[in-house]
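Listed below, chain by chain, are the residues.
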Amino acid sequence: MNLKNLNIDTSWTLFLDRDGVINKKLENDYVKHWIEFEFIEKVTDALKFLNGKFYKIVVVTNQQGIGKGLYRHEDLELIHKNMIYEVNYLGGKIDKVYYSPFLEKENHPTRKPGIGMALQAQQDFPEINFTKSIIVGDSISDMAFGKNAGMQTVYISSEPNNSNLINFQFKSLFEFSKSI
């Protein structure tokens, strides 16, 4: 299937994972402060383009570093405030960021692959229809999140993956944006 066959229009919602999709991941670490946050190349260009294509663009991110005590909610909220400011300043859009601070072992419903963050977004924006939504992420738990909610899934990786949870695969958010 081709992305063009989905007939994406401004009634669709784009869900984005953060680390590895929007910003560079830190190896064996977490982005704990804004100074550690670095946009992936051409992400802001992609978000500027995607701004005109989707009804809402929301970020859904597991942030168990909070649960581990490595940083605070306030630290993460400042990172997200600055990220949204930079994206908006450069002509893109992120409507809202949802995060789950819980540890993986807690199996909290807001933690991906659970769909709690998607349900929070739908509560805030009732027009969100999961069958007209796409999740873009770089992990299989992102893909499971999408499938669990009934979304199309886009896997970001340069390494091929044949998981049946993946609908589409691209090397970056920018490459995904060029395909719409």
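Details of the structure are given in the entry above.
From a predicted model like this one, the values you see are computed outputs, not experimental measurements. Sequence positions are assigned chain by chain, starting from 1 and proceeding in written order. For this predicted model, a pLDDT threshold of at least 70 governs which residues receive local features, and a threshold of 80 or more governs which side-chain atom pairs are given and counted, while totals over whole chains, interfaces and linings are taken from all residues. The basis for the side-chain values is all heavy atoms of the structure; hydrogens and waters are excluded.

> I would appreciate a short explanation of the environment of Tyr-85 in the present structure.
Among the structural elements, Tyr-85 can be located in helix α3 (residues 73-89). C-alpha separation for the pair Tyr-85 and Met-143, spaced 58 residues apart in sequence, amounts to 27 Å. Helix and strand assignments come from DSSP, with helices taken as H or I runs of at least 4 residues and strands as E runs of at least 2, each series counted from the N terminus.

> I keep staring at the environment of Gln-123 and nothing clicks. Help me out?
Assignment of secondary structure puts Gln-123 in helix α4 (residues 116-124). Spatially, the C-alpha atoms of Gln-123 and His-80 are 20 Å apart, while their sequence positions differ by 43 residues.

> Can you walk me through the packing of aromatic side chains in this structure?
Each aromatic ring pair is specified by the distance between its two centres and by the angle formed by the two planes. Any pair of Phe, Tyr and Trp rings, taking the six-membered ring for Trp, is counted once the centres come within 6.5 Å. Such a pair is stacked with planes under 30 degrees apart, edge-to-face with planes over 60 apart, and tilted for the rest. Taken as a whole and assessed by the stated rule, the structure comprises seven aromatic pairs. An angle of 50° between the planes, with centres 6.2 Å apart, marks the rings of Tyr-30 and Tyr-71 as tilted. One end of the pair, Tyr-30, is in the loop between β1 (13-16) and α1 (43-51); the other, Tyr-71, is in the loop between α2 (64-67) and α3, with 41 residues separating them in the sequence. In this scheme, a residue with accessible area under 20% of its type's maximum is buried, one over 50% is exposed, and one in between is partly exposed, where area comes from a 1.4 Å probe on protein chains only. Assessed through its relative accessible area of 21%, Tyr-30 is described here as partly exposed. Between Tyr-85 and Tyr-89, the ring centres sit 6.1 Å apart and the planes meet at 15°, which makes this aromatic pair stacked. With Tyr-85 and Tyr-89 both in helix α3 and four residues apart, the pair spans about one turn of that helix.

> Help me understand the sheet that holds strand β6 (residues 168-170) in this model?
The pairing of strands in a sheet happens through backbone hydrogen bonds and is either parallel or antiparallel. Strands were regarded as paired on the criterion that DSSP finds at least two bridges between them. A sheet is described by the order of its strands in space; here six strands give the open sequence β3-β2-β1-β4-β5-β6, paired in parallel fashion. If you trace the sheet from one side to the other, it starts and ends with β3 (96-100) and β6, each paired once. Averaged over neighbouring strand pairs, the angle between their axes works out to 20° when direction is ignored. Pairing of strand β4 (residues 133-137) with strand β5 (residues 152-156), which is carried by four bridges, proceeds in the parallel orientation. Directly across from Gly-137, in β5, lies its bridge partner Tyr-155. To define axes, lines are fitted to C-alpha atoms, for helices over the stretch in contact only, and angles between the resulting N-to-C directions are given on a 0 to 180 degree scale.

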